[in-house]
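Residue-level structure breakdown
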Amino acid sequence: MSASSRTEAQQRADEIRVFQKELDRLEREGVLTLSDDQRRAVAEHQRSLLAQYAQAFDIDRDTQSRQLSIGMRVASFLGALALAASVFFLFYQFWGLFPATAQVGILLAAAFGIFGATFVIQGRDATGYFTKLAAMVAFACFVLNIAMLGQIFNITPSDKALLPWAAFALLLAYTCDLRLLLAAGILCLIAFISARTGTWSGMYWLHFGERPENFFPAAIALFFVPQILDHRRFQGFAAIYRVFGLLTLFLPMLVLANWGQISYLDFDRTLIQGFYQVLGFVGSAAAIWLGTRRHWPEVVNTGLTFFVIFLYTKFFDWWWDIMPKYLFFLVIGLSAVLLLFVFKRLRAGGFKAAGEASA
Amino acid sequence: MNWSRTHTLIAGLGLLALTNAVALLGVAYNRSGEPEATLRLTQRDLRTPYQWRGNRENSGLALSLIWRVLNEQSTETQPYSWRYGGTGGTPPWLDKAKMETLGFDTSAAAAYSDRSRTRYEKQLPRDVLLVLELDGPTYQRSLELATQYVAREEAKLASSPGDQNLGKRVKNAHEALESETSRNSRLFVVDAGLDAAALRAKYPDAGRYAIVRGQVRLESLDRNSEKVRGYVSGLSVGSINVPFALRDVFGSAEQVNDIDQRNRAPFEATVAFGKRLEPWITEAAKK
């Protein structure tokens, strides 16, 4: 089987390594014995696959190179952020020394040049780390390009700028298989959809964050993107959409559960807060259920995190002032134990269901 | 059709080109033909933003439009409000009827329940068109109020000559008048609307009145009042970039960064407002 991306190739290589270990163990324990021919055929097949992947995608072939890869990934992430910031401050420091035509020329050259360079680097960089650096700088240059045109020519600020930024980030993310830029593109999309939602009620777009309900359409849209578009070729992309969808749903709910007066709803403040508290509990519980059912660990974890946050903020509201502190923390501890039992049962139920399905 | 690297390259270059083209064509359209308005502003009406640690490395220079609103009722209680501009205010003309024409729901203000007050106060700022008046009747009225204020404080001091507090107030009133006469901005927000053509018909003098985009919100209701008041909260384009060729006009870095503004090199800058109501500096000279 051939792999279409580095992530897919790496996953297959990891599975081969696990298989080899388990095979050794089974042979030592006398459960399974392969003939010399079979062992040779399996080893040859796996060696050939690994060599093929290593050549095409520069995968990690052992634990040591995997550990080094994690370090490289962190360095690449920090480097990408630092280089993007460096480009921004470099222009900021010198742009006043040039006439407007030169300023525009520099901005265009930087945006087009780094985008082209990203392509050249991607063609030569099997690891993807340098591509990530270049792509992040290309995105920063494009954001700087449009923001500075606004400043140079005194253009009225508009939420419409978020749309090409989102499109550019997503284009780079899908082309170069970069989750960091996918997140950047998603953030631009969240801001754009929320700002548009806000302006329907007549508000000035920059105030969209003052009505948390403006984020709900973006949350729903993001959560369903991986259901509509097939993301199997892009490892981890569907999970990022779902996590951002849930964050965009639950964070505004959490804010409204505590500050009901900033809601669009025309009810009493405490009633709005109660409504969003219930919605928060039901929503996060539903996320846990859906995540367990569909085998989406990121949905389970996000749902669980928000369920606990909603629960503990309620505990704080109810009992912090009236209970002695030792009792308050005892209740928190006991509720954590209770949650452990609930999830243990859920886990056991999951294993049972999986067992029945395999039988 | 399989999406290839070439497709991505074309899409990316197209996106970059299209976005830049839209932005630059918008600029060209704004600056094409005769400007919608042209104001001759001085160091009184244009100020450099405060330089703080975070933006010290910025080599660009942008001047803020120092706009004010005149509220005659507040001049009694807040004489120092004459000194400052660009921070918003509640002009008397921004009343219930005007706020309704700008799209605000003011019906809830009449009801006295906390919920209707909340409903009223929950309305967020709206994007509207504001009329800026330069050195016009509103500035003359402001000058008149400052003069009246000095006269009132002097009359109070004359009735109690030994009162040190009143003496201080007279000194402050004279300082306020001096600021109003020679240092404060003469640029006032005098009207708001949603139709640029209607506003221009009402204020035809394009050398004194400029129409700009800005934001207006409802002012919180007083505890014992149901009076609806609007608050001018800002301009969409609050600062204007200084072109490289005109940079020397605005003085040395020390003068540009002088917060007190007393030592600022005097200048006159012609600011044009284009078809999209976006400003730019066309000329500037030291005075």
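Notes on the overall build of chain B
Along chain B, the regular secondary structure elements total eight helices and 11 strands. Scored against the burial criterion, the 287 residues of chain B give a buried share of 34%. Relative to all contacts within chain B whose residues are 6 or more apart in sequence, the contacts with residues 24 or more apart total 69%.

Some remarks on the sheet that holds strand S9 (residues 239–241) of chain B
Note: strands within a sheet are paired through backbone hydrogen bonds, in either parallel or antiparallel orientation. Residue and element names in this part refer to chain B. Sheet architecture is open: three strands sit in the order S2-S3-S9, paired in antiparallel fashion. Each end of this open sheet is capped by a strand with a single partner; those strands are strand S2 (46–47) and S9. Two elements, S2 and strand S3 (residues 62–65), share two bridges in a ladder whose sense is antiparallel. Looking at the pairing, leucine 46 lines up with leucine 65 of S3.

Looking at the packing of helix H8 (residues 216–228) of chain A against helix H9 (residues 237–258) of chain A
A packed helix pair is summarised by two numbers, namely the angle formed by the two axes and the spacing between the axes. Residue and element names in this part refer to chain A. Two numbers describe how H8 lies on H9: the axes approach to 8 Å, and their chain directions differ by 160°. Taken together, the axes of H8 and H9 lie roughly antiparallel to each other. For the element pair H8 and H9, the recorded crossing hand is left-handed. Contacts between H8 and H9 involve Phe216, Ala218, Ala219, Leu222, Phe223, Val225 and Pro226 on the former and, on the latter, Ala238, Tyr241, Arg242, Phe244, Gly245, Leu246, Thr248, Leu249 and Pro252. Here the contact of H8 with H9 is composed, by residue class, of 13 nonpolar, two polar and one charged.

Side note on the interface of chain B and chain A
Interface size is commonly expressed as the accessible surface area that is lost when the partners come together. Chain B puts 38 residues into the contact, and the matching count from chain A is 39 residues. Secondary-structure elements contributing two or more residues to the side of chain B that touches chain A are helix H1 (5–31), helix H4 (114–121), strand S5 (126–134), strand S7 (209–218), S9 and strand S11 (279–286) of chain B. Counting residues per element, the side of chain B that touches chain A draws most heavily on H1 of chain B, which supplies 12 residues.

Some points on the packing of helix H5 (residues 129–152) of chain A against H1 of chain B
Two numbers describe how H5 of chain A lies on H1 of chain B: the axes approach to 10 Å, and their chain directions differ by 10°. Here H1 of chain B runs roughly parallel to H5 of chain A, going by the angle between their axes. For the pair formed by H5 of chain A and H1 of chain B, the contact residues are Phe142, Asn145, Ile146 and Leu149 of chain A on the first element and Leu16, Thr19, Asn20 and Ala23 of chain B on the second. For the contact of H5 of chain A with H1 of chain B, the residue count by class is five nonpolar, three polar and no charged.

Details of the confidence of the model for chain A
In the predicted model, chain A carries a mean pLDDT of 88, and the fraction of residues at 70 or more is 96%. Looking across chain A, the model is least confident in helix H12 (residues 325–358) of chain A, with a mean pLDDT of 77, and most confident in H9 of chain A, with 95.

A look at the pairing of S11 of chain B
Residue and element names in this part refer to chain B. Strand direction decides the pairing type here: strand S10 (residues 267–273) and S11, joined by seven bridges, are antiparallel. Considered in S11, the bridge of phenylalanine 273 is made with proline 279. Counting the residues in the hairpin turn of S10 and S11 gives five residues, including leucine 277, whose phi is positive at 65°.

Brief notes about unusual backbone geometry
Even without a glycine there, the phi angle at asparagine 154 of chain A is positive, about 55°. Along the chain, asparagine 154 of chain A falls in the loop between H5 and helix H6 (162–176).

Quick notes on the nonpolar core
Judged by nonpolar contacts, the single largest core of 81 residues is most densely connected at Ala138, Phe139, Phe142, Ala169, Leu172 and Leu181 of chain A. Considering each element in turn, this core owes the most residues, 15 residues, to H5 of chain A. If you look at the next biggest cluster of nonpolar residues, it comprises 47 residues, including Ala37, Leu46, Tyr139 and Val216 of chain B.

So, how was this worked out
- Residues numbered from 1 in each chain as written.
- Chains lettered and ligands numbered in written order.
- Predicted model: local features only at pLDDT ≥ 70, side-chain atom pairs only at ≥ 80, totals over all residues.
- Helix = DSSP H or I, 4+ residues; strand = E, 2+ residues; numbered from the N terminus.
- Buried ≥ 20, exposed ≤ 12 C-beta atoms within 10 Å, placed from the backbone.
- Contact = placed C-beta atoms within 7 Å.
- Pairing = 2+ DSSP bridges.
- Axes fitted to C-alpha atoms, helices over the stretch in contact; angles between N-to-C directions.
- Parallel < 35°, antiparallel > 145°, perpendicular 65-115°, else oblique.
- Left-handed = near helix turned anticlockwise from the far one by under 90°.
- Nonpolar A, V, L, I, M, F, W, Y, C, P; charged D, E, K, R; others polar.
- pLDDT = per-residue confidence, 0-100.
- Core = buried A, V, L, I, M, F, W, Y, C linked by C-beta atoms within 7 Å.

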